[in-house]
Amino acid sequence: MTATEPSAVPFSAQRVRGRFSDRAARLASRAALALVVLILATLLLLILREALPALGSALSAEGILRADWAPLADPPRFGLAHAVLSTLMVTTLALALAVPIGFGIGLFAAEFAPAWLRHVLQPCLELLAGIPSVVYGFFGYVTLVAWFERYGGMATGESLLVGGLILAVMVLPFIACTSAESFAAVPRALRESAHSTGVTRVHVVRRILVPMALPGLFAAVALGLGRAVGETLAVLLLAGNSTALPTSYLDRGQPLTALIATELPEAALGTAKYHALYAAGLALILLTVTINSVVWRLKARVMRHGG
Amino acid sequence: MAAEITQAAPAPGFLPLPCGAMRSDRAFTVIAWGVGLVGLVLPLGILGFLLIEGMARLSWAFLTEAPAGFPLGSAGGIAPAILGTLALVAIGLGVALPLGVAGAIGLVEYAPEDSPWVRVMRFGAECLAAVPAIVYGLFGYAVLVVLFRLQISLISGALTLGLMMLPIILIGAEEALRGVERSLREAALSLGVSRFNVVRRVILPKALPGILSVTLLAAGHAAGSAAPVMFTASVAFARGTPALDAPVMTLPSHLYYVVSEGADLEQAYATALVLVVGLLLANGCAALLKRRLAR
Amino acid sequence: MDSLQLLRKDTEVEIATAAGPTAFEIDELTAGYRERRVLRGISCCIPERRVTAIMGPSGCGKSTLVKALNRTLELMPGGAVTSGHVRFRGADLHGPAVDPRAVRRSLGIIHQQPVPFPMSILENVVFGARFHAICRRAEREAYARLYLEKVGLWTEVKHQLHESASRFSGGQQQRLCLARTLANQPQAVLMDEPCSALDPYATRRIEEHIVELRDEYPVIVVTHNVGQARRISDYVLFMVDGQLIEAGPTAQVFEAPQSQLARDFISGRFG
């Protein structure tokens with residue numbers, strides 16, 4: 001309690017309330033943080049531990065990077081080559097489509113669209129981002145796959161092409177929103193002075209907006225890449241789940257995530273198959289961490305621009 | 001060199017712009033509008049497709065009955081899947097929300113600003129938020145199902161989803177707390193009350209819409225992903241109310257099983273619609289909260 | 001003679017004889033942002049090859065007016081001219097066949113905050129000129145030099161033409177922006193509080209340039225600084241609350257203001 005009389009009570013003599021609760025809160029929040037760190041460290045270490053046995057001879061002809069997936073062979077081979085290639089192919093296709101369109105939408109939202117349209121476009125993109133992976137898989141299955149079966153002259157419509165197309169739709173909102181943000185972050189004054197020299201919009205975009213937004217655009221691509229690589233259910237349903245090495249986009253394939261989803265329920269603990277699947281998981285983690293550090297750095301640069 | 005350049009005499013009226021530039025500008029504008037329309041048509045088209053196809057097959061019985069028929073899911077409803085998804089997310093949030101918010105308070109209020117620890121934690125959390133959902137499935141399987149012998153059960157799946165939501169909530173809550181004006185914090189602290197009191201009475205209420213918003217987003221994300229629960233919690237069929245130590249059905253994995261069996265997709269349309277509408281409601285609420293916060 | 005009448009439209013002939021030919025004719029101009037009307041019927045004439053200062057308390061619409069004069073007002077969110085006309089040397093700015101970009105190019109503007117573009121100094125100067133095909137690629141260094149000399153930057157930057165302008169001081173940046181505008185070969189120069197972000201020394205240099213520009217262009221300078229208006233301008237428009245209160249030759253307005261508001265503003269009791 002504070003002194004009620006004006007007489008001089010030395011500060012040290014005044015009792016301060018809340019010392020205990022403060023200390024408790026500090027302790028609790030630190031404990032929560034420590035728990036978070038602990039859980040996350042366990043996650044990394046555990047997946048690393050389970051993956052290690054498969055990493056030993058990764059580069060040899062029998063290792064996970066070069067061999068094929070032949071669990072019934074003698075001895076069985078658990079190579080990830082087909083999965084890595086499938087992941088590369090669907091991701092490349094998805095980004096090749098989603099990056100130009102996503103940048104276009106971002107630019108449109110930041111520079112061309114009237115205010116009311118922008119307020120419609122934003123929730124639409126959020127809607128696209130909010131639809132879960134499995135629904136995209138289902139949607140692709142009943143539209144694109146059915147279409148390819150009927151008109152594409154293919155026995156089954158599932159293919160890397162279909163997987164890549166749907167994946168493009170899935171990463172589109174992330175690329176569009178991130179690029180729209182970085183275009184919009186270009187200072188108004190800069191835009192206005194550029195326009196006040198009487199040049200056309202395309203000139204302002206090319207000479208001012210794109211150079212200024214460049215780090216953000218890179219971040220958008222990196223973000224889309226991370227999403228595309230990690231998507232599971234859509235490619236599981238659409239890419240065809242074939243363990244053969246794909247040779248074209250019309251082939252069926254099995255990206256890393258689909259491989260894990262298909263095989264883990266049937267992998268006995270501690271077998272070579274089990275370890276190979278965790279190695280695939282480790283590859284996904286390493287990739288996302290790398291991408292994230294790139295995004296982290298780019299974001300820092302964007303912020304410096306803004307400040 | 002300089003002498004060769006002469007200034008044009010002021011001409012009356014306004015000089016026309018270069019012709020090529022005008023043409024490219026017009027083409028560019030047309031393309032930008034075209035691409036912008038794609039951004040409108042694509043989401044509305046997909047939503048419209050699901051709405052039209054799904055509404056035709058949706059009924060009250062579908063929402064309240066268990067699946068039936070052969071192959072399973074070709075008749076009956078999806079009640080156990082709805083219950084299972086809700087139970088998974090609710091228990092997962094019960095773990096992730098307190099941990100995430102407490103961690104965020106620790107980072108914002110009880111750590112020195114700009115300390116390297118805060119940066120490391122943020123970076124770690126952002127990486128984890130970006131790790132694919134299937135990796136959480138791998139982790140949940142190895143630790144919860146195998147190591148802790150929880151088997152494939154509601155609790156394993158809920159904890160896995162909780163782990164997946166944790167970094168998202170941690171980052172979101174941290175941003176929401178940091179978004180509270182510095183002046184507010186300083187004014188409250190200058191009254192000599194404890195920091196915890198300030199957090200509880202001033203900062204948290206102010207940041208609450210932001211925290212709720214990100215919690216809804218994380219919950220929607222978790223409710224919609226099948227990958228982490230496929231090895232930890234879900235089975236093709238479960239009956240009755242979900243129990244902690246028994247496997248459950250979930251909406252996304254149910255949809256996956258029905259589609260991958262590929263026999264009868266009639267019911268799948270309605271399942272997809274229920275899932276999407278549920279998630280859109282959650283996301284919509286999150287967006288509304290965020291907008292309220294911005295004002 | 002009533003000085004308020006001097007620049008008013010109905011006595012256009014008088015001002016043409018009194019102050020030389022007219023550059024801008026502004027006729028009942030109203031403009032604003034979305035629902036907010038900022039300019040409420042401005043009518044006046046602005047003479048050729050003179051410095052005309054627009055002054056008034058902040059928020060009176062002087063920036064809006066100068067932005068309406070080269071159609072950059074439309075770039076602001078919701079900004080638009082709602083009625084009235086602006087003619088420059090007889091050509092209607094808002095005429096149906098007039099491209100706003102052609103107007104912006106011909107009537108250059110300098111903003112309050114100097115904004116160097118994110119490119120080299122050289123590219124900054126020829127940004128608009130290259131676009132408008134005024135200078136060829138091969139001669140852009142010589143071309144840029146011409147305008148950098150004009151604003152007194154050449155000796156300071158001749159060895160760093162290919163570096164970014166972001167390390168410039170505010171005054172240097174503003175002179176770079178002036179060079180960029182002049183390189184567009186405009187027919188008039190508009191300035192929106194060009195010195196309000198600068199220190200007194202840099203301000204003086206810009207003011208010297210303004211006075212020099214008078215020989216070639218009609219110059220309009222928006223300022224809230226009474227002293228600056230007195231130092232550099234030949235004519236003064238005094239605005240309050242979106243309306244023109246007083247107009248006339250600088251000496252006349254400062255020595256014998258007609259309205260109480262202008263008298264108070266000049267003496268520092270208001271604004």
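As the structure is a computational prediction, the values presented were derived from the model and not from experiment.

Peer 1: For this particular structure, what's the right way to read the overall build of chain A?
Peer 2: When helices and strands are counted, chain A shows 10 helices and two strands. The order of helices and strands in chain A, counted from the N terminus, is α-β-β-α-α-α-α-α-α-α-α-α. Of all 307 residues assigned to chain A, the portion counted as buried reaches 53%. For chain A, the proportion of contacts with a sequence separation of at least 24, taken over those separated by at least 6, is 69%.

Peer 1: Quick question: what am I supposed to make of the overall build of chain B here?
Peer 2: A count of helices and strands for chain B gives 11 helices and two strands. Along chain B, from the amino end to the carboxyl end, the secondary structure elements read α-α-β-β-α-α-α-α-α-α-α-α-α. Computed over the C-alpha atoms, the radius of gyration of chain B is 27 Å, more than 25% above the 19 Å expected from 2.2 N^0.38 for a compact globule of 295 residues. Over its C-alpha atoms, taken along the principal directions, chain B stretches across nearly 90 × 60 × 35 Å.

Peer 1: For this particular structure, what's the right way to read the interface of chain A and chain B?
Peer 2: Interfaces are often sized by the amount of accessible area the parts lose when they come together. Contact with chain A, which involves 78 residues of that partner, is made by 76 residues of chain B. The junction of chain A with chain B conceals about 6,700 Å² of combined surface from both sides, 83% of it contributed by carbon and sulfur atoms. Sorting the residues of chain A by area buried against chain B places A:Leu33, A:Phe138 and A:Trp296 first, and these three jointly supply 10% of that buried surface. The interface formed by chain A and chain B includes zero salt bridges. One can count five residue pairs in polar contact (both at pLDDT 80 or more) joining chain A with chain B. Per element, the largest residue contribution to the side of chain A that touches chain B is 17 residues, and it comes from helix α1 (residues 19–55) of chain A. The residue inventory of the side of chain A that touches chain B, partitioned by class, reads 53 nonpolar, 17 polar and eight charged.

Peer 1: Hey, could you run me through the sheet that holds strand β4 (residues 79–88) of chain C in this one?
Peer 2: Residue and element names in this part refer to chain C. The four strands lie next to each other as β2-β1-β4-β5, forming an open sheet whose pairing is antiparallel. Across the chains shown, the open sheet's two edge strands, defined by having one partner strand only, are β2 (36–47) and β5 (91–92). Inspection of the sheet shows β4 paired to β5 by two bridges, in the antiparallel sense. Pairing of Phe-88 across the sheet is with Ala-91, part of β5.

Peer 1: Got a minute to help me understand the confidence of the model for chain B in this structure?
Peer 2: If pLDDT is low for a region, its predicted coordinates should not be looked at in detail. All names here are of chain B. Looking at chain B, the pLDDT average stands at 85 and 92% of residues meet or exceed 70. Mean pLDDT in chain B bottoms out at strand β2 (residues 75–76), which sits at 76, and peaks at helix α6 (residues 154–178), which reaches 93. For the stretch residues 1–11, pLDDT sits under 50, and the model shows 17 contacts to residues farther than four places along the chain or on other chains.

Peer 1: Just to check I follow, could you spell out the nonpolar core for this structure?
Peer 2: Taken as a class, soluble globular proteins show a tendency for nonpolar side chains to be buried jointly. Membership of the largest hydrophobic core comes to 191 residues, with the highest contact counts inside it found for A:Ile47, A:Val135, A:Tyr136, A:Phe138 and A:Tyr278. For A:Tyr136, the contacting residues outside a window of four places in its chain are A:Leu128, A:Ile131, A:Ile166, A:Val169, A:Met170, A:Ala234, A:Leu238 and B:Ile46. Counting residues in each nonpolar core, the second largest holds 37 residues, with C:Val51, C:Tyr147, C:Leu161 and C:Leu213 among its members.

Peer 1: How should I be thinking about the interface of chain C and chain A in this particular structure?
Peer 2: Facing the 21 residues of chain C at the interface are 17 residues of chain A. Taking both sides of the interface into account, the surface hidden between chain C and chain A amounts to around 1,800 Å²; carbon and sulfur atoms contribute 66%. In this structure, C:Glu123 and A:Arg207 form a salt bridge, with 2.7 Å as the shortest nitrogen-oxygen distance. Applying the counting rule to chain C against chain A returns five residue pairs in polar contact (both at pLDDT 80 or more). Among the elements of the structure, α4 (100–106) and α6 (127–131) of chain C are those that each provide at least two residues to the side of chain C that touches chain A.

Peer 1: Explain the sheet that holds strand β9 (residues 235–240) of chain C to me, please; I cannot follow it from the model alone.
Peer 2: By way of backbone hydrogen bonds, the strands of a sheet pair with one another, either parallel or antiparallel. Residue and element names in this part refer to chain C. Read from one edge of the open sheet, six strands run β6-β7-β8-β3-β9-β10, paired in mixed fashion. The sheet terminates laterally at β6 (107–110) and β10 (243–249), the two strands that pair on one side only. Going across the sheet, the axis of each strand differs from the next one's by a mean of 15°, ignoring polarity. In the packing of helix α13 (residues 260–267) onto the sheet, contacts are made with β3 (51–55), β9 and β10, and the angle to β9 comes to roughly 105°.

Here is what the cut-offs are and how they apply
- Residues numbered from 1 in each chain as written.
- Chains lettered and ligands numbered in written order.
- Predicted model: local features only at pLDDT ≥ 70, side-chain atom pairs only at ≥ 80, totals over all residues.
- Heavy atoms only, no water.
- Helix = DSSP H or I, 4+ residues; strand = E, 2+ residues; numbered from the N terminus.
- Buried < 20%, exposed > 50% of the residue type's maximum accessible area, 1.4 Å probe, protein only.
- Contact = heavy atoms within 4.5 Å.
- Rg over C-alpha atoms; globule rule 2.2 N^0.38 Å.
- Buried area = accessible area lost by both parts, 1.4 Å probe.
- Salt bridge = Lys/Arg side-chain N within 4 Å of Asp/Glu carboxyl O.
- Polar contact = N/O pair within 3.5 Å; in protein donor to acceptor, adjacent residues only side chain to side chain.
- Nonpolar A, V, L, I, M, F, W, Y, C, P; charged D, E, K, R; others polar.
- Pairing = 2+ DSSP bridges.
- pLDDT = per-residue confidence, 0-100.
- Core = buried A, V, L, I, M, F, W, Y, C linked by side-chain atoms within 4.5 Å.
- Axes fitted to C-alpha atoms, helices over the stretch in contact; angles between N-to-C directions.

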